[in-house]
Structures are given as structure tokens and as C-alpha cells.
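# Geometric and topological summary
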Amino acid sequence: MTAEPDIYSLYPVLFSNLTQQIPQQNVSHEYHDFWAFYEAHEKIFKAADLINENYLWVIFAIGFPGNLATVITISRMRRLGPFILYVALLAIMDNLAISVKLLFYQLLSKKVNVGRVGCQLFEFLGTFLMTYCNWILVLMAVERLIAVKFPFKIQFQSFLSSRKAGLILLLMAVVIGGTSIPVLWVSTGVTDNGTSVACVKNNEELMNAMRWTSIILYAFVPFMILTVCNILIIREIRLSFRLRSAFHSINSFMMEKKCCDVPIQRQIMLMLFTATFMFLVLHFPICVIYLMQIHWQPTSYDKSFAINYLCGQIAYALCDSNHAINFYLYFFSARKFRSHFENSFYCSKNGNKRSRVAL
């Protein structure tokens, strides 16, 4: 006999893809209709469930060591400016986000009794970490935009100090944490004879408001800001190329004093552009899906529902993969970062104590 589908959800605000199953309403009354519908579109649902059950393990296997390598590489650098601080913190937060989500999924899939507090804690941490990672990337783009647009204005450059960057990160964490707090009010656990059955919501209206607030902060706003920042940065770089001849004497003086500044800035730009470009690519599908839901909802027990379910799994897998790829983007796009990484592990292997170098 075929088992009844799971009816709990994991991170229903942002992450309902992990255990979101086909029509949950009135399951006991429509059980036979549900399975007839499932069997009619079995290939689509099996493909979606295959992604659902396995993609986090793939992301963890690729992303966790990559993010760890980023932190090790950054820790061996001599000069840690605000941009490099953002890179290191992003790698740490990415690993935490992946780990928390995978752990929560495994606990629920194994029917471990996490209780009400467990549901609240995991859903709060998951929502906070995933959103915070994206906003760290936003800060990286804004920092580069300020550095490029106002290179000689001290009042703007002062915002690029590591201390002020830390304060901005702390303030942003407080704001994002505050927007995630309502999940503590609506999340609760359902158990059966000591076995965890579900993490459910006891306030549908508040849950829907949280869902849209979270997806706006998680994807839509960062998507728009990163798009604008990249366009403005490219514009400023093109203008600087046109003015290069006018500042030739100044550039010559700067090159004598700091011969490495220009290539260093170029490497930082390459790291930023590759990371933000992949963010835009990987988050575009989920933005499209949510925008479509405003005007169109798939009909239950219709093929469109099955296709929408599969597309949702793919979109969430793409979003989560963004937390696993940054190290590889840095490695292949930035020669300086690649050199630091290779030197770090070469020095560790041979026991050499070389001086740290700045990116």
C-alpha cells in the first residue's frame, strides 16, 4: 500500500519547497482523488521529489568545503579591508545557512520530535541566515560603488573602513532579525505519541504576510539593488577609462607609491561581478514564480499544478545553490585570490612561514 504523503512544511515562509507536497487541504476526504492525480502525473512528481530529497546534500558537499576554503584563504591575508571582511563573513553565513536548512530537513524527515521551540528556532534561523547572506552581497556591491564613484571624497571613503563596515553589518543583522521575529508567533509543532509529525502555522493571515515580506527581503529587493549597483559601477568604470589620459600624471604617481593598487581593485571587481551576476541568474526564476502567483494560481488536480510544483523545486534548488558557489567563482575569476589560496595550502603543506599578502 502506498504511504500517505507528508503534510508538514519546512520553512514555509521561504523554504516550503523541501517538504511541500501536493494538495494538502482535505487530504483525508480526497485521498483517492489525490493519488489518482499523483499517478496520472507520476513522472513530474517523481522528478520534483528527486530534486527535493537530494539537492541539499549536493549543495552541502560542494558548498561547505568551498566556503571553508574561502575563510582560510582570507584569514591568511595581510590587509583585511571592508570588502574582504564581507567576503569572509558571507562564506561563514553561507555555511551556516546550508547547515541549518539541511539539519532541519533531516530532523523532520526522520520524524525527530523537535517540538514547538525547535520549529520556531529552526525556521527563524533559516529565514534570517538566508536573507542575511543576500544582503551581505548587497553591501559588497554598495561598497564597490562608493569606492568607484567617490574615490577622492573623504566623507564617502570613511564609510569604507572596516570598523564602520562591522557596525553596518550589525545594524543590518538587527533589522533582518526583527523582520523574521513574527515567525516565532505563528510556528508550532505537532506530535503524535512523541513523534514529530509537522511544523505548522497557527495564524494563516500572519503567515501569508510573513511569506511575502520574507521573499521581498530575500530576493526582490537585493535583486533590484544589485542590478542597479552593477549598472552604475560599469558606467563609472567606463567613464574612468575615458578620463584616464587626463589623470595620467596622477596615476603615474599612484603607481609609484602603490604599484599593486590597480590590479588589486581589478581583482576585487572581478570577484564582485561574478558573484552578483550568478546571484541575479540563480534568483531570477524564483522572482518570476512569485510574480506569476499574483495573477495566476495553478488549479488543484490539474497538470499545471504538477508543473508548477516541479518548477518550484528547481527554482528553490537554484536559490540555495547560490550559497555554495562563491568560492569557485572567486577561484576562477580572480587570479590574486587563486594565488592566495594555492599559497596558503602550499605553505601549510610544507610548513613554511611566509608573510601574508594583501588581496
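Residues numbered from 1 in each chain as written. Predicted model: local features only at pLDDT ≥ 70, side-chain atom pairs only at ≥ 80, totals over all residues. Heavy atoms only, no water.

With that settled, consider the overall build of the protein chain. Secondary structure summary: the protein chain contains 13 helices and 2 strands in total. Burial analysis of the protein chain (359 residues in total) assigns 47% to the buried set. Pairs at least 24 apart in sequence give 80% of the contacts found in the protein chain among residues at least 6 apart. Summed over its atoms, the accessible surface of the protein chain is roughly 18500 Å², and 65% of this surface lies on carbon and sulfur atoms. (Helix = DSSP H or I, 4+ residues; strand = E, 2+ residues; numbered from the N terminus. Buried < 20%, exposed > 50% of the residue type's maximum accessible area, 1.4 Å probe, protein only. Contact = heavy atoms within 4.5 Å. Areas by Shrake-Rupley, 256 points an atom, 1.4 Å probe, with all protein chains shown as cover.)

Where the model shows low pLDDT, its predicted coordinates should not be examined in detail. Summary statistics for the protein chain give a mean pLDDT of 77 and a share of 72% for residues scoring 70 or more. Low pLDDT, under 50, characterises residues 1–29; the predicted model gives this stretch 88 contacts beyond four residues in sequence or across chains. Throughout residues 353–358 the model reports pLDDT below 50, and contacts reaching past four residues in sequence, or to other chains, amount to 14 contacts. (pLDDT = per-residue confidence, 0-100.)

This part covers the nonpolar core. Formed by 73 residues in total, the largest nonpolar core has its most connected members in Phe 83, Tyr 132, Ile 136, Met 140, Ile 286, Tyr 330 and Phe 337. Ranked by size, the runner-up nonpolar core spans 8 residues in total, among them Phe 37, Ile 44, Phe 45 and Ala 48. (Core = buried A, V, L, I, M, F, W, Y, C linked by side-chain atoms within 4.5 Å.)

What follows is about the pattern of salt bridges. Considering all chains together, one arrives at 5 salt bridges under this definition. Among the ionic pairs, Arg 144 bridges to Glu 143, the shortest N-O distance being 2.7 Å. Exposure class is identical for Arg 144 and Glu 143. Each is buried. (Salt bridge = Lys/Arg side-chain N within 4 Å of Asp/Glu carboxyl O.)

Let us now look at the environment of Glu 204. With respect to the helices, strands and loops of the structure, Glu 204 is situated in helix α8 (residues 204–242). On the basis of relative accessible area, Glu 204 is assigned to the partly exposed category, the value being 47%. Note: C-alpha distance between Glu 204 and Val 186 (18 residues apart in sequence) is 8.2 Å.

Our next topic: helix α12 (residues 326–333). Because each turn of an α-helix spans 3.6 residues, side chains separated by three or four positions in sequence point in the same direction. Within α12, 6 of the 8 residues are buried, leaving the element largely enclosed by the surrounding structure. Those residues of α12 lying buried are Asn 326, Phe 327, Leu 329, Tyr 330, Phe 331 and Ser 333.

The final tally for this structure, using the stated rule, is 14 aromatic pairs. Aromatic pair Phe 223 and Phe 284: ring centres 6.3 Å apart, planes at 35°, arrangement tilted. Here Phe 284 lies in helix α10 (residues 261–295) and Phe 223 lies in helix α8, a separation of 61 residues in the sequence. Judged by centre distance (5.9 Å) and plane angle (40°), the rings of Phe 327 and Phe 331 are tilted. Of this pair, Phe 327 and Phe 331 both sit in helix α12, 4 residues apart, roughly one helical turn. There is no split in this pair, since Phe 327 and Phe 331 are both buried. (Phe/Tyr/Trp six-rings, centres within 6.5 Å; stacked < 30°, edge-to-face > 60°.)

A few words on the environment of Ile 215. Topologically, Ile 215 is positioned in helix α8. In the structure, Ile 215 is positioned 84 residues away from Thr 131 in sequence and 8.7 Å away in space, judged by C-alpha atoms.

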